[in-house]
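# Architecture and fold: a report
Here's the letter readout for the chains.
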Amino acid sequence: MPTQQAAPAASTHARVLTVLRAVSQGSGVQGVLDLTRSTGIPDSTVHRILQAGVEARTVDQVSRGRYRPGPAVIEMALQAMTSVPAAADVQRMLDDLQRNTGGVVMLFTVTGFGGLRRLCTDYTLGDRDPESLGALTSIGSMPRSLRVGAAGRVILAHLPTHMQEAVFAEDLPQPQTPGAIRDEAVLLASLADIRRRGFAIGRQEALVGWDAIAAPVMWGSTVMGSIGLGMPAEEMTGDLREVIRRTCDAARAMSLVAAGQMAV
């Protein structure tokens, strides 16, 4: 009888990656049977992969038979996000957008600590008086909901479904601004529109008296954050095609730099 050949190494590697990806895509902790159902891989194989992941710190065992992504995954993500672009390059790109539009430009990144939020990590005000901006300058002081504001919704629109569902489960933040989208059906429709058009417009959505345009910063198909252009509502009127184009171009350029596909 012919001897049975061992499965190709690539098949084993693919299974490992499939299980690790399934662990990261789940909602909360998962058991072996949960992962077997989602991957189609036998439970004995899933268990061996998980145990190897615990040793490598890519998987965290929180209780008997229950797992979640481990600390090594965070380390890899942080290393990937800090590799490019350099801080000076980011500031230069934001400054260019500010000079070409006259608005306040902010860079938001996604943070998952305590729930998915957006956090302003860099900004430029141009020659606007900081004291005249009022509450706008407080936007960068703490994480903000992805449900509110053009900069948040443009990130939310490009998150995987299971991450979107976690955000949808949150209560709408208080206080509510005039342009805040309160109806979930309207919010879902706005996300589809963002994916189709490539940008979002917020009308006094995150802050009273201020409108915004935002576009996503991507690494391939993964959203890293967004660039938001804010202006007083009375200034963001008329034909917005040029400021929209410049905002989208800046986000697209930063996406290419982040992915290592363009030098600054």
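Sequence order sets the numbering: in each chain, residues are counted from 1 along the sequence as written. A pLDDT threshold of at least 70 governs which residues receive local features in this predicted model, and a stricter bar of 80 or more applies before side-chain atom pairs are shown or counted, although totals over entire chains, interfaces and linings include all residues. With hydrogens and water stripped out, all remaining heavy atoms of the structure feed into the side-chain values.

## Topic: the overall build of the protein chain
A run of H or I in DSSP counts as a helix once it spans at least four residues, and a run of E counts as a strand once it spans at least two, with each numbered from the N terminus. The number of helices and strands found in the protein chain is nine helices and nine strands. Across the 264 residues that make up the protein chain, the buried fraction comes to 41%. Contact definition: two residues touch when any of their heavy atoms are within 4.5 Å. Restricting to contacts in the protein chain with at least 6 residues of sequence separation, those with at least 24 account for 58%. Just so you have it, the protein chain exposes about 14400 Å², and 56% of that area is on carbon and sulfur atoms. To sort residues, take the accessible area from a 1.4 Å probe on protein chains only and compare it with the maximum for the residue type: under 20% means buried, over 50% means exposed, and anything in between is partly exposed. Exposure was quantified through the Shrake-Rupley algorithm and a 1.4 Å probe, taking into account, for residues, occlusion by the shown protein chains and nothing else.

## With respect to the pairing of strand β2 (residues 59-63)
For a regular strand, side-chain orientation follows a simple rule: the groups alternate between the two sheet faces. In this scheme, strands are said to pair when DSSP sees at least two bridges between them. Where β2 and strand β3 (residues 66-69) come together, four bridges link them in antiparallel fashion. Note that in β3 the partner of D60 across the bridge is R68.

## Quick notes on the sheet that holds strand β1 (residues 30-31)
Spatially, the three strands line up as an open sheet ordered β1-β3-β2, and their pairing is antiparallel. Each having just a single partner strand, β1 and β2 make up the two edges of the open sheet. Every axis corresponds to a line fitted to the C-alpha atoms, with the helix fit spanning only the stretch in contact, and the corresponding angles, defined between N-to-C directions, vary from 0 to 180 degrees. On the sheet, helix α3 (residues 43-56) packs against β2 and β3 and is oriented at approximately 100 degrees with respect to β2.

## Remarks on the environment of G209
For G209, the position within the fold is in the loop between β7 (200-203) and β8 (210-219). Sequence separation of G209 and E234 is 25 residues, and the distance between their C-alpha atoms is 8.1 Å. The contact partners of G209, leaving out residues within four places of it in the chain, are Q204, M231, P232 and A233.

## So, the packing of helix α2 (residues 32-39) against α3
Between α2 and α3, whose axes approach to 9 Å, the crossing angle comes to 115 degrees. One way to sum up the angle between α2 and α3 is to call them roughly perpendicular. When the axes of α2 and α3 are compared, the crossing they make is right-handed. Residues V32, L33, L35, T36 and T39 of α2 touch α3, and the partners they reach there are D43, V46, H47 and L50. For classification, angles of less than 35 degrees are called roughly parallel, those exceeding 145 degrees roughly antiparallel, those between 65 and 115 degrees roughly perpendicular, and all remaining angles oblique. When the near helix sits turned anticlockwise from the far one by under a right angle, the crossing is termed left-handed; a clockwise turn instead gives a right-handed crossing.

## Looking at the confidence of the model for the protein chain
For every residue, the predictor states its confidence as a pLDDT score lying anywhere from 0 to 100. Mean pLDDT for the protein chain: 85, with 86% of residues reaching 70 or above. When the criterion is pLDDT under 50, residues 1-9 qualifies, and its contacts beyond four places in sequence or with other chains add up to zero contacts.

## Quick word on the packing of aromatic side chains
The way to describe two aromatic rings as a pair is by their centre distance and the angle between their planes. Only rings of Phe, Tyr and Trp enter the pairing, Trp through its six-membered ring, and a pair is recorded when the two centres are within 6.5 Å. The plane angle decides the type: under 30 degrees is stacked, over 60 is edge-to-face, the rest tilted. Summed over all chains, the structure comprises zero aromatic pairs. In this arrangement the basic side chain of R118 is found over the ring face of F108, its NZ or CZ atom lying 4.9 Å from the centre. The criterion is that NZ of a Lys, or CZ of an Arg, lies within 6 Å of the ring centre and within 35 degrees of the ring normal, and then a charge sits over that ring.

## Here's the deal with unusual backbone geometry
Despite not being glycine, R57 has its phi angle at roughly 70 degrees, a positive value. Secondary-structure assignment places R57 in the loop between α3 and β2. At Q204, a residue that is not glycine, the phi angle is positive and equals roughly 45 degrees. Tracing the backbone through its elements, the reader meets Q204 in the loop between β7 and β8.

## So, the nonpolar core
Among buried residues, those of type Ala, Val, Leu, Ile, Met, Phe, Trp, Tyr and Cys that are joined through side-chain atoms within 4.5 Å constitute a nonpolar core. Core analysis: the largest hydrophobic core is formed by 26 residues, its most contacted members being L146, I155, L156, L159 and L191. Put simply, the parts of the chain that give this core at least two residues each are β4 (104-111), α6 (150-156), α7 (161-168), α8 (184-197) and β8. Ranked by residues supplied to this core, first place goes to α6 with five residues. Contact partners of L191, with chain neighbours within four places excluded, come to R153, L156, A157, Q164 and F168. Counting residues in each nonpolar core, the second largest holds 23 residues, with L107, L229, M231 and C248 among its members.

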